[in-house]
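Structural characterization, general
Residues per chain are reported as follows:
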Amino acid sequence: MLFECGSVSPALSNPEKPSEIMGATEGEDDFQFLRTSDELVLRCCSAVPLQQKLCLAADGFGCRLCFLESTSNSKSSEAAGCRTLLYGQAVLLRHSYSDMYLSCLTSSGLSADKLAFDVGLQEEIAGEACWWTVHPASKQRSEGEKVRVGDDLILVSVSSERYLHVSWSAGLCDADVSVSVDAAFQQTLWSVAPISSATVEAQGHLRGGDTLRLLHGHTDECLTIPPAGHGEEDRRSVHFEGGTASSQARSLWRIEMLCVSWSGSHTRWGQPFRLRHVTTGKYLGRSQDGGLQLVEREQADIKSTAFCLRTTKARLAL
C-alpha cells in the first residue's frame, strides 16, 4: 500500500521551530530525509509471527478498513520532494491508489481491545480524524529534528490520541494468526520506506501503480472476468471479451511491482510484477493446469502470480 506524505499542519505542528518547516538548506543531503509529497510504505517493525515482512495496506474500494500485507522487499530508495518533515509535526497520509486519507474511525469492530478504534480510509479531511503526529521511537532522535529515511517512528492519531497499532491473536495452530490494524493505547513501531518522490513521468510509458486494460493483439477484446450475477467460482475465471467489456470496471487491472523500492518506477523489460483485478482485489495467477485464474490475496504467492514483459514471443524453457 503506497501512501503520500501530505500537508503539514502548522496549527498541529511543533510551534517552536517554524522556520524549519520549509525544509533543508539547499545543498544538504536531502535524500536522507522524509519530505512531504514523498510516496512511501509503512512497514510494521514489531515482532511478526512466521517472520513475515508486513506493511500497512488497504484496498481503496469496497471495505475501507486497513490491514497488513506481506512484502518480500526490505530496501528503501532515495527521497527528495517538497518540505522536510520534522518530528512532532502532524501530517496527512494519502492512499496513492484511491486518493483517500488514512483515518482513525469512530467504529471499533475489528479489535478485541474495547478502547481501540478501527483504522481505515476516508475521503474528507474535515476535523482531526485524518491527522497523525510523527514521533521518534529512538532516544537518539528528538522532537523538531528531521525525519530520516529508515527511522523507526510512532504515529499518533490527533483526534483520539491513540497510536497506530497492530494487534495479533493466535489461532489453533502457529500458522493461523489473525492480524488487525487499529488505533490503540499500545505502541507499534513503523519504518518508513519512500518509493517515489517527485519523479518525472515519461509520457506513454508504463509505471507501477498504473491501472490498465490488457488487449488481445490488434483486436478490441480485453482480459476480463464474467459480469456480476455469475457465481463466485465462475468469477475466478478470466477470458478475453469485446464489446461493452472494454468500458466496464471488470476489465481493469492494476500493475504492482514486486519490489517495493521500484513500485512507483517505470516498468522495464523482464521486471517482475503482479496484476491485481481492480474491482475484486484478487490477483491474476497461473493455475495448476497451466491456465489463468483469479487468486485470493492471501493465497497469491509470487511463484504463481508473478509476470514480466518480454520483447519476443519466443517460448521460455521452464
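Please refer to the structure placed before this passage.
From a predicted model like this one, the values you see are computed outputs, not experimental measurements.

Focus on the overall build of the chain
If you tally the helices and strands in the chain, you get 1 helix and 19 strands. Across the 318 residues that make up the chain, the buried fraction comes to 46%. Of all intrachain contacts in the chain linking residues separated by at least 6 positions in sequence, the fraction that spans at least 24 positions is 65%. As displayed, the chain has an accessible area near 16500 Å², and 51% of this comes from carbon and sulfur atoms.

Looking at the environment of His165
Position of His165 relative to the elements: it lies in strand 10 (residues 163–170). His165 sits in the buried class, given a relative accessible area of 10%. Between the C-alpha atom of His165 and that of Asp182, which follows or precedes it by 17 residues, the distance is 5.3 Å. Sequence-distant contacts of His165, defined by excluding residues within four places in its chain, comprise Ser180, Val181, Asp182, Ala184, Gln186, Gln187 and Thr188. Polar contacts involving the side chain of His165 include one to the side chain of Ser167, which spans 3.3 Å.

Things to note about the pattern of salt bridges
What the rule picks out here adds up to 9 salt bridges. Linking Arg141 and Asp151 is a salt bridge whose minimum nitrogen-to-oxygen distance equals 3.0 Å. With Arg141 in the loop between strand 8 (131–136) and strand 9 (152–157) and Asp151 in the loop between strand 8 and strand 9, the pair connects residues that are 10 residues apart, well separated along the chain. Here Arg276 ties to Glu256 by a salt bridge, and the two come within 3.6 Å at their closest N and O atoms.

Observations concerning the environment of Gly209
One can find Gly209 in the loop between strand 12 (190–196) and strand 13 (211–212). For Gly209 and Glu256, which are 47 residues apart along the polypeptide, the C-alpha to C-alpha distance reads 5.6 Å.

Some details on the packing of aromatic side chains
Evaluation of the coordinates by the stated rule reveals 0 aromatic pairs. In this arrangement the basic side chain of Arg297 is found over the ring face of Phe67, its NZ or CZ atom lying 4.0 Å from the centre.

Describing the environment of Ser237
Relative to the elements of secondary structure, Ser237 occurs in the loop between strand 14 (222–224) and strand 15 (239–241). Given a relative accessible area of 33%, Ser237 falls into the partly exposed group. When the C-alpha atoms of Ser237 and Gln293 are compared, they prove to be 4.9 Å apart, with 56 residues separating the residues in sequence. The residues contacting Ser237, other than those within four sequence positions of it, are Thr224, Ile225 and Pro226. At a separation of 2.5 Å, a polar atom in the side chain of Ser237 contacts the main-chain carbonyl oxygen of Asp234.

The rules behind each value
Residues numbered from 1 in each chain as written. Predicted model: local features only at pLDDT ≥ 70, side-chain atom pairs only at ≥ 80, totals over all residues. Heavy atoms only, no water. Helix = DSSP H or I, 4+ residues; strand = E, 2+ residues; numbered from the N terminus. Buried < 20%, exposed > 50% of the residue type's maximum accessible area, 1.4 Å probe, protein only. Contact = heavy atoms within 4.5 Å. Areas by Shrake-Rupley, 256 points an atom, 1.4 Å probe, with all protein chains shown as cover. Polar contact = N/O pair within 3.5 Å; in protein donor to acceptor, adjacent residues only side chain to side chain. Salt bridge = Lys/Arg side-chain N within 4 Å of Asp/Glu carboxyl O. Phe/Tyr/Trp six-rings, centres within 6.5 Å; stacked < 30°, edge-to-face > 60°. Lys NZ or Arg CZ within 6 Å of the ring centre and 35° of its normal.

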